[in-house]
Structures are given as structure tokens and as C-alpha cells.
Amino acid sequence: MDITAPSRAPLPCALPDSPLANAAAGLDACVHCGFCLPACPTYVTLHDENDSPRGRLLLMRRLLDGEIAPDDPDVGTHLDRCLGCRGCETACPSGVPYGALLEATRATLREHRPTPFIARVVLDVFARSWLLKPALLGARIVRASGIARWLARTLPARVAFPFAMLASTAPVRIAGNRTGPRLRRATQPAPTATMLTGCVMQGLFAHVNDATATALRGTGHTLVTTTGQGCCGALHAHAGDLHTARALAKRNIVAFERVPQAVIAVNSAGCGAMLKEYGHLLHDEPAWAERAAAVSTRVRDISELLAGRLEADEPAVSAHDASSSTDASSARASVASSSTLETSRPVRVAYDAPCHLLHAQRISREPLAVLQSVPGIELVPLEDSELCCGSAGIYNLVEPETSDAVLAPKLQHMLNARADVITTGNPGCLMQLGAALLLADSATPAVHPVVLVADAFERPSRD
Ligand code: SF4
Ligand code: SF4
């Protein structure tokens, strides 16, 4: 069946009152120009129009027109393969709200086809903190025991991948050049801030949360704690489970209303995008719409709060001067211990943009500005850094083959960059990139940018 052939004439809605029908106005904005195709990782990888944004939008239209049944396996396949990266939204000149349409379509199809078992388990665990907390504790024990790293190096690649993801979450400190300039603590006050501590961030990346607090305090923010917060609901929303996503959003709205004066600092791009969309998620619930929108307007990615607020305590060594006078290949940075990266020259850092920062939140300059402000760093280019890494929430677990295919060129670009550190501001991306590097026997870690900021506020003594 050619499922991308254009429909002939408007037909009565075959899925009235469905989430997709309610979002259908966005479909009409598509003029089928195809500008989004080169920005789509699944189209670039699979070369199938049905796995392109334009093809998927046409599928959505044909679902509404009744030309395709919602339980059609072809529809499920092509929509399941979508990463939800929203690279197509950035590329689209017509403003098609692809992310909202995808979520609405998945929510509609969810009632007509079963959710894959592994996705159901993950979503159920993330919706229940009494299940999630022990699960993350168990993961930390496996990580600390070294079993995760050992299994990652021992098992066949695809089976090893989840263990490599876990192993790659271990903290890494970037001491850099210990005698060089450091970041100066701010003397000017900044707004009061509170943090979304998150679920995976607190469970596996507590060191990133600690670094975020250090960076916020170092830049003059007063930090207040928000109790009662939890998972943001992004995984559920992206999977079409809007009911659970809304329930989790409401819990966070109630929590953040307790600190109404504080901006909400988020160090996970996917969670930040979700919180910024709480207003949209709850727009048709009168009791919540206004409260959700009010919380959304207070949300800031950590890079938005740090950009322009970082100053070195003495003139930093010019990255160009330093790098031109030092042969990178003869003075490679070394991981002095299993957790501290030390170098006598600028640390070569490559930045990979999380899709939910670049495309969903449209934040591109701030993370680079932050990294450029950290003394002792040489920012090196990473080819196709704006393309998805294939992580996409639980995509790499439920669509492993396509995820691997999307990841392969990303890994090659990371290796080509010859960076000491890969940085990215999202837990899923950190695990995906970190696992790929680990399995490729690279010593380069994947690190959150805020860790480099926090480490530059301190002058570590030699161990
Ligand atoms: S989604 Fe946008 S870029 Fe893609 S075909 Fe439609 S109008 Fe063109
Ligand atoms: S969200 Fe990403 S994978 Fe899905 S159609 Fe858009 S660009 Fe392609």
C-alpha cells in the first residue's frame, strides 16, 4: 500500500473527539514542501518517505480521513519509528507543530493498539515513585559494583548497550589545568531559583544536580528547595499516555506553587521542554490551565540562567594560543583516576545539542556561551551536532535497530572530533553518547556542561 499518496478530497473526520482530531488544525499548515526531510534523522537513515515528517503528517491526515484504520500496522510502524526529536519543526517554514501532532496521534492510536511490553513496564515504573526509587537504587548499586561496566564490555553489543548506558552515568570530574584561571564567584545577586531535581537526574545523575546547585550559587542565585516534586511526565506524554502525563504535571504544579517567587532551573532538556509545555498539556482543564501556564513561564534551562553570568578570576589563556602551541596528540588529556580528567592544556570539549533544548525549546546559543566562558576549555566543532543521537526517551529500548542506525554517524563524528569530553544537557543523550563511546573503547566521557562550570568554580588541590 502506498500510504504517502495524497488524499483526493476532504472527508468527514473518522476519529471525532480524538486527541488527533483536536490537534488537526496543525496538519493544515503543512504545504508538503519537503524542507523538513534533510533534518529528519529517520528519513536520512532509512530513506523512506513514510519515515519522514511529511510522510508521517500525511499518515495522520489519512487516519483522520478514514483512509487508513488506526490499527493498521504500517501506521504504527512509521509512527513508532519517529524519534520525536522535532528537528522537523525547526526546519519547517510553515510552523507545523509536529511535536504536538505526534503526541496527539500516539494518544489516539494508544486506544487502538497495545503498547509494547517493555514500554509499558518503563512507563509504569516511572509513574510510581515507590517503584522508581528502589529501581534507581538498584541501578546505582550495579553501577558502583563495576558489574555494569564489566557486562558492557563482555556481552554482545546490543545486549550490552543498557549496561553501557548505566556505566556511563558514573560521575567524572573535569579538573582541567589545576593551576589555570577559575570562575569567579558572583558579587551581584541573581534571581531566586529552585531546581527540578527530577527522577533519573536525582537517581543516576545526582552529581549533575550537585553541580547545578554549585553553578547557581556561584552565579549569585539564592537557591530554595521544592518538596513534593517528581517525574515531569515527558516519557508518558511522548508515548501518548496523556492521562499519566497530566497527573504527574499536576503534582509538580502543586509543588512549584509553594515557591512562587523562584525561577525553576532545569538541567534536563527533555524535562525542561515538558515543564514549559505544561500550559499546553492542561489547556483544556479549566481548573489547571492557568496554574499550569504560570508554572511554565517560570521554567529556565540551566544554560539560560548561567549564560552571561560567568567570569574568570584572571584572563583566561586564549584557547587558540594554547592549542596552537601544544600538539593535542602529544599532550592528550588523561583520566588521572577513574573519575577525574586532568590536562596541562585546554580541555577539548565538543557539544552535542539535545533535541529538546535545540528544537523543542529553541535554545542554541546559551549552552555554547556557557562553555566558552569556562576557563581552560577549547570548544571544538562536532559535525551534525544538531541531529538526534537516537536516544529519544525509551526509543533506544523499543526501537533498538533504528536507534543504532541513527547513532552510528553520531559516534563517528564524536570520534572524529578528537575531544577530551563530549557535553550534552540531557540524561538520555548523556547515556546514549556515553554508552556508544564506552562500547567503542573510547576514553572520552559524556558529561553535562554544568559539571564543567561547577568544577571551574573550585580550585582542586592535588590528591
Ligand atoms: S512539515 Fe513543514 S517543512 Fe515539512 S513538508 Fe510540511 S510544510 Fe514542508
Ligand atoms: S520528530 Fe524527528 S524523527 Fe520524527 S519526523 Fe520529526 S525530524 Fe523526523
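Counting of residues starts from 1 at the beginning of each chain's written sequence and follows it residue by residue. In the order they appear in the text, chains get letters beginning with A and ligands get numbers beginning with 1. Totals for whole chains, interfaces and linings use every residue, but because this is a predicted model, local features are given only for residues with pLDDT of at least 70 and side-chain atom pairs only at 80 or more, for both listing and counting. Side-chain measures here rest on the full set of heavy atoms in the structure, leaving out hydrogens and waters.

**Structural notes on the packing of helix α24 (residues 400-417) against helix α25 (residues 427-439)**
Point 1. The axes used here are C-alpha line fits, helices contributing only the stretch in contact, and every angle between their N-to-C directions lies in the interval 0 to 180 degrees. The secondary structure listing takes helices from DSSP runs of H or I that are at least 4 residues long and strands from runs of E that are at least 2 residues long, numbered from the N terminus. Packing of α24 against α25 leaves a shortest axis separation of 10 Å and a crossing angle of 70°. Regarding the angle of α24 to α25, the classification is roughly perpendicular. Once α24 is placed against α25, the crossing between them reads as right-handed. Along the contact surface, α24 presents Ser403, Leu407, Lys410, Leu411, Met414 and Leu415, while α25 presents Gln432, Leu433, Ala436 and Leu437.
Point 2. For this classification, the nonpolar set comprises Ala, Val, Leu, Ile, Met, Phe, Trp, Tyr, Cys and Pro, the charged set comprises Asp, Glu, Lys and Arg, and every other residue, Gly included, is treated as polar. Residues belonging to the contact of α24 with α25 are distributed by class as follows: seven nonpolar, two polar and one charged. By the definition adopted for this analysis, an angle is roughly parallel if under 35 degrees, roughly antiparallel if over 145, roughly perpendicular if from 65 to 115, and oblique otherwise. Left-handed is the label given to a crossing in which the near helix is rotated counterclockwise from the far helix by less than a right angle, and right-handed is the label when the rotation is clockwise. When checking whether two residues touch, look at their non-hydrogen atoms; a contact exists if any pair is within 4.5 Å.

**A word on the confidence of the model for the protein chain**
Point 1. pLDDT is defined as a per-residue confidence score from the predictor, taking values between 0 and 100. With 91% of its residues at a pLDDT of 70 or more, the protein chain has an overall mean of 91.
Point 2. Considering only residues more than four positions removed or in separate chains, one finds that residues 316-338, a stretch of pLDDT under 50, has 31 contacts.

**Observations concerning the domain arrangement of the protein chain**
Point 1. Per the domain assignment, the segments making up the protein chain are domain 1 (19-109) and domain 2 (168-178 + 314-331 + 338-457).
Point 2. A straight line from the C-alpha centre of domain 1 to that of domain 2 covers 30 Å.
Point 3. Each partner contributes to the interface: domain 1 provides 15 residues, whereas domain 2 provides 15 residues.
Point 4. A pair is scored as a salt bridge if a Lys or Arg side-chain nitrogen falls within 4 Å of a carboxyl oxygen belonging to Asp or Glu. Our count for the contact surface shared by domain 1 and domain 2 stands at zero salt bridges. Each domain's extent is set by a domain assignment, obtained either automatically or from a database.

**Looking at the packing of aromatic side chains**
Point 1. Ring pairs shown here join Phe, Tyr and Trp side chains whose ring centres sit within 6.5 Å, with only the six-membered ring taken for Trp; geometry is labelled stacked below 30 degrees between planes, edge-to-face above 60, and tilted in between. As enumerated under the stated definition, the model contains zero aromatic pairs in all.
Point 2. Note on criteria: charge over ring means Lys NZ or Arg CZ within 6 Å of the ring centre, with the direction from the centre no more than 35 degrees off the ring normal. The ring of Phe161 carries the charged tip of Arg158 above its face, separated from the ring centre by 4.7 Å.

**Comments concerning the site of ligand 1**
Point 1. Around ligand 1 there are 13 residues in total, and Cys30, Cys33, Gly34, Cys36 and Cys92 lie nearest to it.
Point 2. For the shell around ligand 1, a count of residues per class yields nine nonpolar, three polar and one charged. Throughout, near means a residue has at least one heavy atom within 4 Å of the molecule or strand.

**Here's the deal with the sheet that holds strand β2 (residues 192-195)**
Point 1. The criterion for strand pairing is that DSSP finds at least two bridges linking the strands in question. The parallel open sheet is built from four strands, whose spatial order is β3-β2-β4-β5. Looking at which strands have only one partner, the edges of the open sheet turn out to be β3 (222-224) and β5 (299-301). In this sheet, neighbouring strand axes are inclined to one another by 40° on average, regardless of whether the strands run parallel or antiparallel.
Point 2. Both β2 and β3 contribute to a ladder of three bridges, which runs parallel. Across the sheet, residue Thr192 finds its bridge partner in β3, namely Thr222.
Point 3. Those strands touched by helix α13 (residues 206-218) are β2, β3 and β4 (263-266), and its axis lies near 180° from that of β2.

**What to know about the pattern of salt bridges**
Point 1. Under the criterion given, the structure shown has 19 salt bridges.
Point 2. Close ionic contact of Glu277 with Arg86 constitutes a salt bridge, the shortest N to O distance being 2.9 Å. Within this pair, whereas Glu277 is found in the loop between α16 (269-276) and α17 (278-281), its partner Arg86 is found in the loop between α5 (73-80) and α6 (87-91), the two being separated by 191 residues in sequence.
Point 3. In this structure, Lys250 and Glu285 form a salt bridge, with 2.7 Å as the shortest nitrogen-oxygen distance. Of the two residues, Lys250 sits in helix α15 (residues 242-256) while Glu285 sits in the loop between α17 and α18 (286-297), which places them 35 residues apart along the sequence.

**With respect to the side chain of Asn252**
Point 1. You can see Asn252 is positioned in helix α15.
Point 2. Dropping the residues within four chain positions of it, Asn252 is found in contact with Gln229, Gly230, Cys231, Cys232 and Tyr278.

**Considering the nonpolar core**
Point 1. Residues enter a nonpolar core if they are buried and are Ala, Val, Leu, Ile, Met, Phe, Trp, Tyr or Cys, with the set joined through side-chain atoms within 4.5 Å. Buried, partly exposed and exposed residues are distinguished by accessible area as a fraction of the type maximum, computed with a 1.4 Å probe on protein chains only: under 20%, between the cut-offs, and over 50%, respectively. Among the nonpolar cores identified, the biggest contains 78 residues, and Ile174, Leu204, Phe205, Leu306, Met414 and Val453 are the most heavily contacted of them.
Point 2. For this core, the element with the most residues is α25, which contributes eight residues.
Point 3. Beyond its immediate sequence surroundings of up to four residues, Leu306 is in contact with Ala215, Leu216, Thr219, Val370, Val450 and Val453.
Point 4. Core analysis: the next-biggest nonpolar cluster, separate from the first, contains 23 residues, Leu15, Ala24, Leu37 and Leu79 among them.

**A few points about a nonpolar patch on the surface**
Point 1. Patch construction takes residues with relative accessible area above 30% that form no salt bridge. Like charges are linked within 9 Å, and nonpolar side chains (Val, Leu, Ile, Met, Phe, Trp, Tyr) are linked within 5 Å. Each accessible area is a Shrake-Rupley result for a 1.4 Å probe, and residues are judged covered by the shown protein chains and nothing else. The grouping of Phe117, Ile118, Val121 and Leu397 at the surface amounts to a nonpolar patch, some 350 Å² of accessible area in total.
Point 2. Residue contributions to the nonpolar patch peak at three residues, all from helix α8 (residues 117-127).
Point 3. Residue classification places Val121 among the partly exposed residues on the basis of a relative accessible area of 39%.

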